[in-house]
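Observations on the three-dimensional arrangement
Residues per chain, in single letters:
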Amino acid sequence: LPPIRDANVPSPTATRKPLVNRTRADYRPRMIEIATRRRSQPPPVRAVFDALVRPDCDPRRPWLTMHDDEQRPSIVESVEPDRVVWSSIWPWRPEALIRFDIEDTAQSSAYLRWTLLVDEPAPDDETIVRMCRRLNELINTNLRSTFGQ
């Protein structure tokens, strides 16, 4: 199945659109996409998928470290090897979902896109920025560093 959208949405203040390419009944009908980011990751698709579904598989390289006001996500959906959906990491926004779409690159690495989905109404822009920064820290800093980058 294709990813939710092809274009990056660099700003959380960009036009918010309803999620149109739902793949399962698990996605509630009123969920909206409030942010998405795509970035390359050094390892191949399979390694990225494994890291997302089993973040604690290598205790020597922990990357999914939660803040005091966060909770560990559970796996809502996984389609091996190119899609993983996490439950919310924010207890104050329990309905949020984080969808990961993983694609091959020509260099034997992977593109990883995270998309943040919430029920309406969307949070204010300041909260969206805070949520995006946290996801970028977890995925594009912590996870990436476990792969040696």
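Placed above this text is the structure.
These notes cover the structure that comes with them. (Residues numbered from 1 in each chain as written. Predicted model: local features only at pLDDT ≥ 70, side-chain atom pairs only at ≥ 80, totals over all residues. Heavy atoms only, no water.)

**As for the packing of aromatic side chains**
Selection criterion: Ring pairs are drawn from Phe, Tyr and Trp, using the six-membered ring of Trp, whenever the two centres fall within 6.5 Å, and their geometry is named by plane angle: stacked under 30 degrees, edge-to-face over 60, tilted for the rest. Each helix is a run of DSSP H or I of at least 4 residues and each strand a run of E of at least 2, with the numbering of both proceeding from the N terminus. Burial status follows relative accessibility: with a 1.4 Å probe on protein chains alone, a residue under 20% of its type maximum counts as buried, one over 50% as exposed, and anything between as partly exposed.
Counting across every chain of the model gives three aromatic pairs. On the numbers, 6.1 Å between centres and 20° between planes, the contact of tryptophan 63 with tryptophan 86 is stacked. Of this pair, tryptophan 63 sits in the loop between α1 (45-53) and β3 (75-79) while tryptophan 86 is found in strand β4 (residues 83-87), placing the two residues 23 residues apart along the sequence. The exposure class assigned to tryptophan 63 is buried, which follows from its relative accessible area of 2%. The exposure class of tryptophan 86 is buried, given its relative accessible area of 1%. Judged by centre distance (6.1 Å) and plane angle (45°), the ring pair of tryptophan 90 and tryptophan 92 falls under tilted.

**So, the pairing of strand β6 (residues 110-119)**
Operational definition: Think of it this way: DSSP has to see at least two bridges between two strands before they count as a pair.
For β6, the tally of buried residues reaches eight of ten residues, placing the bulk of the element in the interior. Relative to β6, strand β2 (residues 31-41) runs antiparallel, the two sharing ten bridges. Bridge pairing links arginine 38 to arginine 113 in β6. Two elements, strand β5 (residues 97-104) and β6, share eight bridges in a ladder whose sense is antiparallel. Residue pairing in the sheet places isoleucine 98 in a bridge with leucine 116 of β6. Taken together, β5 and the strand that follows it, β6, pair antiparallel across an intervening segment of five residues, in which serine 108 is found at a positive phi of about 65°.

**Topic: helix α2 (residues 125-146)**
Going by this rule: Expected span, for any helix, means 1.5 Å times one less than how many residues it has. In protein, a polar contact means a hydrogen-donor-capable atom and an acceptor-capable atom, both N or O and within 3.5 Å, with residues adjacent in sequence counting only if both atoms are side-chain atoms; elsewhere, any N or O pair within 3.5 Å suffices.
Spanning 22 residues, α2 covers 31 Å between terminal C-alpha atoms, matching the ideal 32 Å at 1.5 Å per step. At the N-terminal end of α2, a side-chain oxygen is found 3.1 Å from the backbone nitrogen of glutamate 126, two or three residues along, and the residue is aspartate 124. Where α2 ends, the next residue or the one after it, glycine 148, has phi of about 85°, a positive value.

**Re the environment of tryptophan 90**
Where we set the bar: We call two residues in contact when some of their heavy atoms are within 4.5 Å.
Examined against the element boundaries, tryptophan 90 turns out to sit in the loop between β4 and β5. Sequence-distant contacts of tryptophan 90, defined by excluding residues within four places in its chain, comprise Glu70, Gln71, Ile98, Leu116, Met131, Arg134 and Leu135.

**Considering the pattern of salt bridges**
Put simply, the rule reads: One speaks of a salt bridge when a side-chain nitrogen belonging to Lys or Arg is within 4 Å of a carboxyl oxygen belonging to Asp or Glu.
Summed over all chains, the structure comprises twelve salt bridges. In this structure, aspartate 56 and arginine 72 form a salt bridge, with 2.7 Å as the shortest nitrogen-oxygen distance. One end of the pair, aspartate 56, is in the loop between α1 and β3; the other, arginine 72, is in the loop between α1 and β3, and 16 residues separate them in sequence. Residue arginine 72 is classed as partly exposed on the basis of its relative accessible area, which comes to 40%. In this structure, arginine 60 and aspartate 58 form a salt bridge, with 3.1 Å as the shortest nitrogen-oxygen distance. Arginine 60 gets classed as exposed once you look at its relative accessible area, which sits at 71%.

**Points about α1**
In terms of burial, α1 is largely enclosed, as seven of its nine residues are buried. What α1 keeps buried is the set Val45, Val48, Phe49, Asp50, Ala51, Leu52 and Val53. Packed against the buried residues of α1 are β2, β3, β4, β5, β6 and α2.

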